[in-house]
Amino acid sequence: MTKVNEYLKKIQSKVAAKDDGQPEYLQAIDEFLPTIEPFLEKNPDIVASNVLEELLEPERIVQFRVPWQDDQGNWQVNRGFRVQYNSALGPYKGGLRFHPTVNQSVMKFLAFEQIFKNCLTGLPIGGGKGGSDFDPKEKSDEEIMRFCQSFMMELQRHIGADMDIPAGDIGVGGREIGYLFGMYKKLNGYQAGVLTGKPLAYWGSQARTEATGYGLVYFVEHLLQDKKTSLTGKKIQVSGSGNVAIYAMEKCQQLGAKVYTCSDSSGYIYDENGIDVKWVKEIKEVRRARISTYVDKYPKAKYVSGQSVWTIKADFDIALPCATQNEISAELAEILVANGVKVVAEGANMPSSLAAVKVFEENDLYYCPGKAANAGGVAVSALEMAQNSQRAQWSFEQVDEELNKIMKNIYETCRDTAYDYGIPMNILAGANIASFEKVARAMISQGLV
Ligand code: GLU
């Protein structure tokens, strides 16, 4: 074993011992560490500084109680979190997730990924994440409002426009950001830049809603262009039906591809005629209903309840997992390979298990990890912050063009870095090495803090 290998193993087992019982977090670390080995081999100063071990320790984690009253007058309580992981490159930045699976492990893995994702955007933002195990499903608008208000009553003391800037994630969209912003304003006065993903009427950015999904597809398009092909005529499989999935499907269709599937936690839709994205938008954004109701308008489409969309056996070229972590196991990854999928680009964070990634690599698929491929959302969040500081609002075209440029740059950075380290088209390693180097060097230049 080389010295670097031993060093990485030592760090890995230290984290595993300290954070035993945090499987998602350990998974993110286990995916990350081996990929930076070739970089550490060439940069002994980074190993000598032990900055890696410092980086693996979150700067701060806040956990708090969120009491709220339901419509029947009962007192309820949930758990709130904010993980302020790394501020070497800028104020903490990252979304808030409201979902029953939220716990410290999930928050830490998301915040960890966010450090590198944010770095790849090239914009001055550090990494953080927050949320609650509150389940917004089937809650009334009033319950959502009361929960958001209570959540912000505590969170407000930990955030600020130049300190930590939350945004949305699963279960947190424009409505929730509105209620959170309202309470922050009541307590602290008007500070536009304290949250991103705001509605357009009060300091939101054009194209923020579309950004993660559009950015994902721009990333894939740049990869395909490099391989002398394009999205035109490609068969696409999408999971999820939230914000990321909806705008990924929309952009795929605009660029001439055909999207056949989408899903939610209850089941999936397979529409041979291509998914009607406008109808999905209506179901999810207006009616706030389940994806099963898709067939009300398209009785010929298939709805399969209780099964993963990745169990479908059919011809596909590209898979865009846009639902949630670990939705693709090794077994499901094998189905994707057998289906003929050549590109997997992650709209969700860590949707592929470690074993699934191995299957993709063994079969020479282009695997585009979330921290690179879905960085468009947070990138436009950072553009929203820039607009808020300028007291300006840019046009849709301007933001969209900037987003496309950022995604191209991320793709090229990952590709070129992988190439430099002799692992061509290993986008995961390229993403991890390029961003780790920048964050680690920034930390070293700031001293032991
Ligand atoms: N939740 C998104 C992500 O996973 C966006 C975060 C943001 O806009 O701050 O990157």
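Residues numbered from 1 in each chain as written. Predicted model: local features only at pLDDT ≥ 70, side-chain atom pairs only at ≥ 80, totals over all residues. Heavy atoms only, no water.

A.B. asks: In this structure, what is going on with the sheet that holds strand β9 (residues 302-305)? I would like to understand it.
C.D. replies: Strand pairing in a sheet relies on backbone hydrogen bonds, with the paired strands running either antiparallel or parallel. Spatial ordering of the open sheet is given by β9-β8-β7-β6-β10-β11-β12, a layout of 7 strands whose pairing is mixed. Single-partner strands in this sheet number two, and they are β9 and β12 (366-368). Between one strand axis and the next, the sheet turns through 15° on average, direction left out of account. (Pairing = 2+ DSSP bridges. Helix = DSSP H or I, 4+ residues; strand = E, 2+ residues; numbered from the N terminus. Axes fitted to C-alpha atoms, helices over the stretch in contact; angles between N-to-C directions.)

A.B. asks: Even after reading the chapter, I still don't get the pairing of strand β4 (residues 127-132), so can you show me in this structure?
C.D. replies: Note on strand geometry: in a regular strand, side chains alternate between the two faces of the sheet. Counted residue by residue, β4 has 6 buried out of 6 residues, so it is predominantly covered. Covered by surrounding structure in β4 are Gly127, Lys129 and Gly131 together with Gly128, Gly130 and Ser132, the residues of both alternating faces. When strand β2 (residues 75-86) meets β4, the two strands line up antiparallel, connected through 6 bridges. Looking at the pairing, Val83 lines up with Lys129 of β4. Taken together, the 3 bridges between strand β3 (residues 92-98) and β4 define a ladder with parallel strand orientation. Within β4, the position partnered with Phe98 by the bridge is Ser132. The parallel pair β3 and β4 is bridged by helix α6 (residues 104-120), and the resulting crossover is right-handed. (Buried < 20%, exposed > 50% of the residue type's maximum accessible area, 1.4 Å probe, protein only. Right-handed = clockwise from strand over helix to strand, strands pointing away.)

A.B. asks: What exactly am I supposed to notice about the site of the ligand here?
C.D. replies: The immediate surroundings of the ligand are formed by 14 residues, with Lys93, Lys117, Gly168, Asp169 and Ser381 found nearest. At 3.2 Å from an oxygen atom of the ligand is found a side-chain nitrogen or oxygen belonging to Asn349. When isolated, the ligand has an accessible area of 300 Å², and the protein chains bury 94% of it. Listed by contribution, the elements that provide at least two residues to the shell around the ligand are β3, α6 and α16 (376-390). (Near = heavy atom within 4 Å. Polar contact = N/O pair within 3.5 Å; in protein donor to acceptor, adjacent residues only side chain to side chain. Areas by Shrake-Rupley, 256 points an atom, 1.4 Å probe, with all protein chains shown as cover.)

A.B. asks: So what exactly am I meant to see when it comes to the nonpolar core here?
C.D. replies: Counting 57 residues, the largest nonpolar core has Phe219, Ile236, Ile275, Leu320 and Ile410 as its most contacted members. The element best represented in this core is helix α9 (residues 208-226), accounting for 9 residues. When sequence neighbours within four positions are dropped, the list of residues in contact with Phe219 reads Cys368, Ala372, Ala373, Met407, Ile410, Tyr411 and Ile427. Counting 42 residues, the second largest nonpolar core, distinct from the first, contains Val4, Leu8, Ile36 and Met443. (Core = buried A, V, L, I, M, F, W, Y, C linked by side-chain atoms within 4.5 Å. Contact = heavy atoms within 4.5 Å.)

A.B. asks: I keep staring at the side chain of Asp70 and nothing clicks. Help me out?
C.D. replies: Within the fold, Asp70 resides in the loop between β1 (60-69) and β2. Buried within the structure, Asp70 lacks any salt-bridge partner; its nearest side chain of opposite charge belongs to Arg146, at an N-O separation of 6.2 Å. A polar contact is formed between the side chain of Asp70 and the backbone nitrogen of Asn74, at a distance of 2.9 Å. (Lys, Arg positive; Asp, Glu negative; His and termini not counted. Salt bridge = Lys/Arg side-chain N within 4 Å of Asp/Glu carboxyl O.)

A.B. asks: Even after reading the chapter, I still don't get the packing of α9 against α16, so can you show me in this structure?
C.D. replies: The angle between the axes and the distance between the axes are what describe a pair of packed helices. Closest axis-to-axis distance for the α9/α16 pair is 7 Å, and the angle between their directions is 145°. Classified by chirality, the crossing of α16 by α9 is right-handed. Counted together, Arg208, Ala211 and Thr212 of α9 and Gly376, Gly377, Val378, Val380, Ser381 and Glu384 of α16 form the full contact between these two elements. Class assignment of the residues belonging to the contact of α9 with α16 gives a composition of 3 nonpolar, 4 polar and 2 charged. (Left-handed = near helix turned anticlockwise from the far one by under 90°. Nonpolar A, V, L, I, M, F, W, Y, C, P; charged D, E, K, R; others polar.)

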